[in-house]
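# A look at the structure
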There are 2 protein chains.
Amino acid sequence: MEIGQVIQSKFRNSKHKAVVNLRYTANCLGNIQNSYMAKFDLSMPQFNILRILRGAQDVISVNAVKSRMVEKSPNTTRLMDKLIDKGLMERVRCESDRRVVYVSITEAGLNALKQIDEDDQSKLDFAGNLTETEAEALSDLLDKLRG
Amino acid sequence: MEIGQVIQSKFRNSKHKAVVNLRYTANCLGNIQNSYMAKFDLSMPQFNILRILRGAQDVISVNAVKSRMVEKSPNTTRLMDKLIDKGLMERVRCESDRRVVYVSITEAGLNALKQIDEDDQSKLDFAGNLTETEAEALSDLLDKLRG
DNA sequence: CAAAATTAATTACCGTGGTAATATTTACAA
DNA sequence: TTGTAAATATTACCACGGTAATTAATTTTG
């Protein structure tokens, strides 16, 4: 459905329309992703953290995880709290620099990821109606928008 | 900055990249908008509700407001609670259908909007680095993405 | 070397958003 | 008509996200 119909409004200009459309579409994607992840008892940001940890191959500082995330807020700590409660990751104090906390994924965490790997993840990067070329064009426009 | 640099990662394909980029960009825009609105002691969704109410010219049901918003959740009620606390809008029970609650903007609400009108709103639909044509193309891609 | 600035992580307090359940009222239908 | 379904708004409970303040440790610098 075209965005103007969705919110039953008109727009001042194409930029205004694009900005509203952007937020609406991001919201839709977020909802699709979260509802998909729900059956694994994970939220999307939690899943992201686990993937980052697996990708790191080794222990990694909280800061390093944060730098790979879309949101750079203290949320990372809180999300990790929940993952640790679930036994999917763990913290280790760094001895050489005692400000730093290292984190790593546990066996249970790897298993959880494996389970998702084996599932159909097409909903996670759902942009199904775009071709690869269009997806590339979209990314370029977004990069340019942010400046 | 290009999205791959922002989150220091590579992507499986262009679709994956576009989806991550989309959420990241929407997030950036939201932050810009909220920080702009902060000086008026309003959040962006609160501001949206006030604009919808002003645009309605008359009392309007909560449902009608909801249908013009990006998020269709019970949040509308909660946002309205806050606006009413601030004296910017009010509720009136509909007498013909007692399930319905009408809402309308107050004088104070109109004044608040007027104050914002007179300010430089360029941050609100910040997509400054896009041309109108590009903004149009972006909207089209987003519409197609959602299907 | 000691005080100040910086860095890493966390916490507190605020905000929004989502699903599900609820109360109330109305419409429908056997 | 009467019981059931549907619609409207709200509430409860959960989640994430942001800014600012805090704690602890390290680095810088005067």
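Quick look at the structure, then. (Residues numbered from 1 in each chain as written. Chains lettered and ligands numbered in written order. Predicted model: local features only at pLDDT ≥ 70, side-chain atom pairs only at ≥ 80, totals over all residues. Heavy atoms only, no water.)

This brings us to the overall build of chain A. Looking only at helices and strands, chain A has 7 helices and 3 strands in total. Secondary structure elements of chain A, listed N to C terminal, follow the sequence α-α-α-β-α-α-β-β-α-α. What you see for chain A is a C-alpha radius of gyration of 19 Å, clearly larger than the 15 Å of a compact globule of 147 residues, by over 25%. C-alpha atoms of chain A, sized along the principal axes, occupy 55 × 35 × 30 Å. (Helix = DSSP H or I, 4+ residues; strand = E, 2+ residues; numbered from the N terminus. Rg over C-alpha atoms; globule rule 2.2 N^0.38 Å.)

This part covers the environment of Gln121 of chain A. You can see Gln121 of chain A is positioned in the loop between helix H6 (107-117) and helix H7 (132-146). Residues Gln121 of chain A and Leu53 of chain A lie 68 residues apart in sequence; the distance between their C-alpha atoms is 19 Å.

The subject of this paragraph is the protein's contact with DNA strand C. As a structural note, the neighbourhood of DNA strand C is formed by 27 residues, with Asn63 and Arg91 of chain A together with Asn75, Arg78 and Lys82 of chain B the closest of them. At 3.1 Å, a side-chain N or O of Arg78 of chain A approaches a base nitrogen of DNA strand C. In this structure, Arg99 of chain A approaches DNA strand C through a side-chain N or O atom, which is 3.1 Å from a base oxygen. Elements represented by at least two residues in the surface near DNA strand C include exactly helix H2 (14-38), helix H4 (62-67) and helix H5 (75-85) of chain A together with helix H3 (44-56) and helix H5 (75-85) of chain B. For the surface near DNA strand C, the element with the most residues is H5 of chain B, which contributes 4 residues. Looking at the surface near DNA strand C, its residues break down into 7 nonpolar, 10 polar and 10 charged. (Near = heavy atom within 4 Å. Polar contact = N/O pair within 3.5 Å; in protein donor to acceptor, adjacent residues only side chain to side chain. Nonpolar A, V, L, I, M, F, W, Y, C, P; charged D, E, K, R; others polar.)

On to the sheet that holds strand E2 (residues 89-93) of chain B, then. Residues and elements named next belong to chain B. The strand order across the open sheet formed by 3 strands is E1-E3-E2, and the pairing between neighbours is antiparallel. The sheet is open, and its two borders are formed by strand E1 (60-61) and E2, each paired with just one other strand. As paired elements, E1 and strand E3 (residues 101-105) share 2 bridges and run antiparallel to each other. Each residue of the ladder has a partner; that of Ile60, found in E3, is Val103. Across the sheet, H5 lies against E2 and E3, angled at about 115 degrees from E2, the strand it touches most. (Pairing = 2+ DSSP bridges. Contact = heavy atoms within 4.5 Å. Axes fitted to C-alpha atoms, helices over the stretch in contact; angles between N-to-C directions.)

Here chain A sits on chain B after a turn of 180 degrees about the axis and a move of 0.0 Å along it, with an RMSD of 0.1 Å. The superposition operator between the copies reduces to a two-fold rotation axis. Both copies share a contact surface, since 100% of the interface residues of chain A are interface residues in chain B too. (Least-squares fit on C-alpha atoms with pLDDT ≥ 70 in both.)

Quick look at H2 of chain A now. Along its 25 residues, H2 of chain A runs 36 Å from first to last C-alpha, staying within 8% of the 36 Å computed at 1.5 Å per residue. If you check the start of H2 of chain A, you find a side-chain oxygen 3.1 Å away from the backbone N of Lys15 of chain A, and it comes from Asn13 of chain A. (Expected span 1.5 Å × (residues − 1).)

All right, on to the protein's contact with DNA strand D then. Looking at DNA strand D, there are 27 residues lining it, with Asn75, Arg78 and Lys82 of chain A together with Asn63 and Arg91 of chain B nearest. If you look at DNA strand D and keep only atoms within 4 Å of the protein, 72% of those are sugar or phosphate atoms. A distance of 3.1 Å separates a base nitrogen of DNA strand D from a polar side-chain atom of Arg78 of chain B. Between DNA strand D and Arg91 of chain B, the relevant distance is 2.8 Å, taken from a phosphate oxygen to a side-chain nitrogen or oxygen of the residue. Looking at the surface near DNA strand D, the elements that each hand over two or more residues are helix H3 (44-56) and H5 of chain A together with helix H2 (14-38), helix H4 (62-67) and H5 of chain B. Examining the composition of the surface near DNA strand D, we find that 4 residues originate from one element, H5 of chain A, more than from any other. Its residues assigned to classes, the surface near DNA strand D shows 7 nonpolar, 10 polar and 10 charged.

Moving on, we come to the interface of chain A and chain B. Tallying the contact residues gives 55 residues for chain A and 55 residues for chain B. Across the interface of chain A and chain B, roughly 5,600 Å² is buried in total on both sides, 56% from carbon and sulfur atoms. Its largest share of buried area at the contact with chain B, chain A owes to Lys15, Leu145 and Arg146 of chain A, together 12% of the area lost on that side. Inspection of the region where chain A meets chain B yields 4 salt bridges. As a salt-bridge pair, Lys144 of chain A and Glu134 of chain B come within 2.8 Å of each other at their nearest N and O atoms. The set of elements that each furnish at least two residues to the side of chain A that touches chain B consists of helix H1 (3-6), H2 and H7 of chain A. No other element matches the 18 residues that H2 of chain A contributes to the side of chain A that touches chain B. Split into classes, the residues belonging to the side of chain A that touches chain B amount to 24 nonpolar, 15 polar and 16 charged. (Buried area = accessible area lost by both parts, 1.4 Å probe. Salt bridge = Lys/Arg side-chain N within 4 Å of Asp/Glu carboxyl O.)

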